[in-house]
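The primary structure of each chain is shown beneath.
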Amino acid sequence: MSSNKIEELKKRRQKEIKPKKSQLPYFFFVGFISFIIAYYFLNTNIRYSIIWTIGIMIGITMQRSRFCFAASFRDPIMVGTTSLFRAVIIGLIISTIGFSIFQYIQIGNIANYSLADVPGQIHPVGFHTILGAILFGIGMVIAGGCASGTLIRIGEGYAMQVVVLIGFIIGTVLSSNHFEFWDKLFISSSKTIYIPKHIGFFPALVIQLTALSTLYLLANWYDKQNNIMADL
Amino acid sequence: MAEYKLDCMFEACPIPLLKALKKLKKMKIGDVLIMQTDHNCSITNVIEWTKKQGHYIDYIEIGEGEWEIYIEKAK
């Protein structure tokens, strides 16, 4: 939605702007290098080339869509917009369906499977989950991006995000040194909960999808409710 | 009609949005806010937020990765 005043300002400004240089040569240069890397690993270790290609595709998607996990959890509270939050929920719905297909192929026909056989990241849940989430959440909002967001912004050329990356690396090194301490304190005594093992595979899937869809509808409703200016 | 400039260059997300929000509150109806930012997330979240509030908004790219956002307070 634009107005006459804005159109006038835009026209005035447009004349002052110099034409931009095309960045296509850079694109082809970087594209060519990534292709060579993918091709090199095709012969030596095909796993690397698959991960490399998928990683690049995820990166392009996230950059172009301006997908940001930090904003998705911050904006609903700060300004009342939930479009990114809903995008995360949709992502979770899709990955729930995808993961259940893989898990069903692996364990669907086995009556008494062990959790180690189930594909995916199934880890103990407990106090450490809450503590870690709070720490990560605070850091993410102060730094202006989560891990993927920080990397994307470094790629775009934001110097500040390089500082964040240094902090990120220091934090990761420190935490891997501390892991044993946390493991003794909370993680080893916490339970690993895999809901399908308790109530069956399909009921668990249905419950999870229902919960996510309800959250989506709630977020949609919340977005429409917040039409007033945020009080700051 | 008054024009206000807001320099949000090199500010991290979500500072541009918060600055615009505070400035808009002080402005009168019909005033225009010109916001300069190098943060591409501002394009999405400032525009989404302003449209929801019902103000007029548009933007142009003034350099590589630098934008000017125009907001006219409508209510």
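Rules used throughout
Residue indices follow the written sequence of each chain, beginning from 1 at its first position. Each chain gets a letter, beginning with A, and each ligand a number, beginning with 1, in the order they are written. Reporting in this predicted model follows two pLDDT cut-offs: at least 70 for local features of residues, and 80 or more for side-chain atom pairs to be given and counted; totals over whole chains, interfaces and linings ignore these cut-offs and use all residues. Hydrogens and water molecules were not included; the side-chain quantities draw on all heavy atoms of the structure. Going along the chain from the N terminus, every DSSP run of H or I of four or more residues is numbered as a helix, and every run of E of two or more is numbered as a strand. To get the radius of gyration, use the C-alpha atoms; to get the globule rule, take the number of residues to the power 0.38 and multiply by 2.2 Å. Throughout, exposure labels follow a simple rule: accessible area from a 1.4 Å probe, protein chains only, divided by the maximum for the residue type, with under 20% read as buried, over 50% as exposed, and the rest as partly exposed. Contact between two residues is taken to exist if any of their heavy atoms lie within 4.5 Å; hydrogens are not considered. A helix is expected to span 1.5 Å for every residue after the first. Defined here as a combined quantity, buried area equals the accessible surface (1.4 Å probe) lost by two parts on assembly, summed across both. Salt bridges are counted wherever a side-chain nitrogen of Lys or Arg sits within 4 Å of a carboxyl oxygen of Asp or Glu. Here a polar contact means two N or O atoms within 3.5 Å. Within protein one must be a hydrogen donor candidate and the other an acceptor candidate, and residues neighboring in sequence count only if both atoms are side-chain atoms. Note on residue classes: Ala, Val, Leu, Ile, Met, Phe, Trp, Tyr, Cys and Pro are nonpolar, Asp, Glu, Lys and Arg are charged, and everything else, Gly too, is polar. Whether two strands pair comes down to DSSP finding at least two bridges between them. Orientation is described by axes fitted as lines to C-alpha atoms, over the contacting stretch for helices, and by angles from 0 to 180 degrees between their N-to-C directions. Grouping into patches uses exposed residues only, defined as over 30% relative accessible area, and leaves out salt-bridged ones; the cut-off is 9 Å for like charges and 5 Å for nonpolar side chains (Val, Leu, Ile, Met, Phe, Trp, Tyr). Each accessible area is a Shrake-Rupley result for a 1.4 Å probe, and residues are judged covered by the shown protein chains and nothing else. pLDDT is defined as a per-residue confidence score from the predictor, taking values between 0 and 100.

On to the overall build of chain A. Along its length, chain A carries ten helices and zero strands. Starting at the N terminus and ending at the C terminus, chain A contains elements arranged as α-α-α-α-α-α-α-α-α-α. Taking 232 residues into account, the globule formula puts the C-alpha radius of gyration at 17 Å, and chain A, at 23 Å, lies well above it. Taken over the C-alpha atoms alone, chain A extends approximately 70 × 55 × 35 Å along its principal axes. For chain A, with 232 residues in total, the buried portion stands at 24%. The long-range share in chain A, meaning contacts at least 24 apart out of those at least 6 apart in sequence, stands at 56%.

The end-to-end C-alpha separation of helix α5 (residues 83-107) of chain A is 36 Å, in line with the 36 Å expected for 25 residues at 1.5 Å each. Along its buried surface, α5 of chain A packs onto α4 (69-78) and α10 (201-225) of chain A.

For α10 of chain A, which comprises 25 residues, the first-to-last C-alpha distance of 36 Å matches the rise-based estimate of 36 Å (1.5 Å per residue) to within 8%. Those residues of α10 of chain A that fall on the buried side of the exposure criterion are Phe201, Ala204, Leu205, Leu212, Ala219 and Asp223 of chain A. Elements that come into contact with the buried residues of α10 of chain A comprise α5 and α9 (195-199) of chain A together with α2 (40-53) of chain B.

All names here are of chain A. Tracing the chain through its elements places Asp183 in helix α8 (residues 160-185). Among the residues examined, Asp183 registers a relative accessible area of 26% and is labelled partly exposed. Taking the C-alpha atoms as reference, Asp183 lies 9.1 Å from His128; in sequence the two are 55 residues apart.

Quick look at the interface of chain B and chain A now. Contacts between the two partners involve 41 residues from chain B, matched on the other side by 37 residues from chain A. Summed over both sides, the interface between chain B and chain A buries roughly 3,500 Å², with carbon and sulfur atoms accounting for 58% of that surface. Across the chain B-chain A interface, the total number found is one salt bridge. For the salt bridge of Lys52 of chain B with Asp223 of chain A, the shortest nitrogen-to-oxygen distance reads 3.6 Å. The tally of links from chain B across to chain A stands at six residue pairs in polar contact (both at pLDDT 80 or more). Across the side of chain B that touches chain A, the residue classes break down as 20 nonpolar, ten polar and eleven charged.

For the rest of this paragraph, the subject is the side chain of Arg86 of chain A. Residues and elements named next belong to chain A. Examined against the element boundaries, Arg86 turns out to sit in helix α5. Take Arg86: its relative accessible area is 15%, and that puts it in the buried class. Residues within four places of Arg86 in sequence aside, it is in contact with Tyr216, Ala219, Asn220 and Asp223.

Pairing is mixed in the open sheet, where four strands are placed in the order β1-β2-β4-β3 (chain B). Two strands close off the open sheet at either side, each with one partner strand: β1 (3-8) and β3 (56-63) of chain B. Strand-to-strand twist across the sheet, computed as the mean angle between neighbouring axes with direction ignored, equals 20 degrees. In terms of strand pairing, strand β2 (residues 32-37) of chain B meets strand β4 (residues 66-72) of chain B through six bridges, oriented antiparallel. Note that in β4 of chain B the partner of Val32 of chain B across the bridge is Glu72 of chain B. Sheet contacts for helix α1 (residues 4-16) of chain A: β1, β2, β3 and β4 of chain B; angle to β3 of chain B, the most-contacted strand, approximately 5 degrees. Along the sheet, helix α1 (residues 15-26) of chain B makes contact with β1, β2 and β4 of chain B, crossing β1 of chain B at roughly 160 degrees.

Residues and elements named next belong to chain A. Here the phi dihedral of Arg66 falls at roughly 50 degrees; this positive angle occurs in a residue that is not glycine. Along the chain, the position of Arg66 falls in the loop between α3 (46-65) and α4. The class of Arg66 is partly exposed, set by a relative accessible area of 27%.

Residue and element names in this part refer to chain A. On the surface, Phe127, Ile130, Leu131, Ile134, Leu135, Ile138, Ile142, Phe181, Trp182 and Leu185 cluster together to form a nonpolar patch covering roughly 1,000 Å² of accessible area. Taken together, the elements giving at least two residues each to the nonpolar patch come down to α6 (127-143) and α8. Looking at the nonpolar patch element by element, the count peaks at seven residues for α6. As for its position among the elements, Ile138 is in helix α6. You can call Ile138 partly exposed: its relative accessible area is 49%.

Turning to the confidence of the model for chain B, a few remarks are in order. Residue and element names in this part refer to chain B. Per-residue pLDDT for chain B averages 85, and the proportion of residues at 70 or more is 100%. Ranking the elements of chain B by mean pLDDT puts α2 last, at 83, and β2 first, at 89. For this predicted complex, the interface confidence score (ipTM) comes to 0.81, while the overall pTM stands at 0.82.

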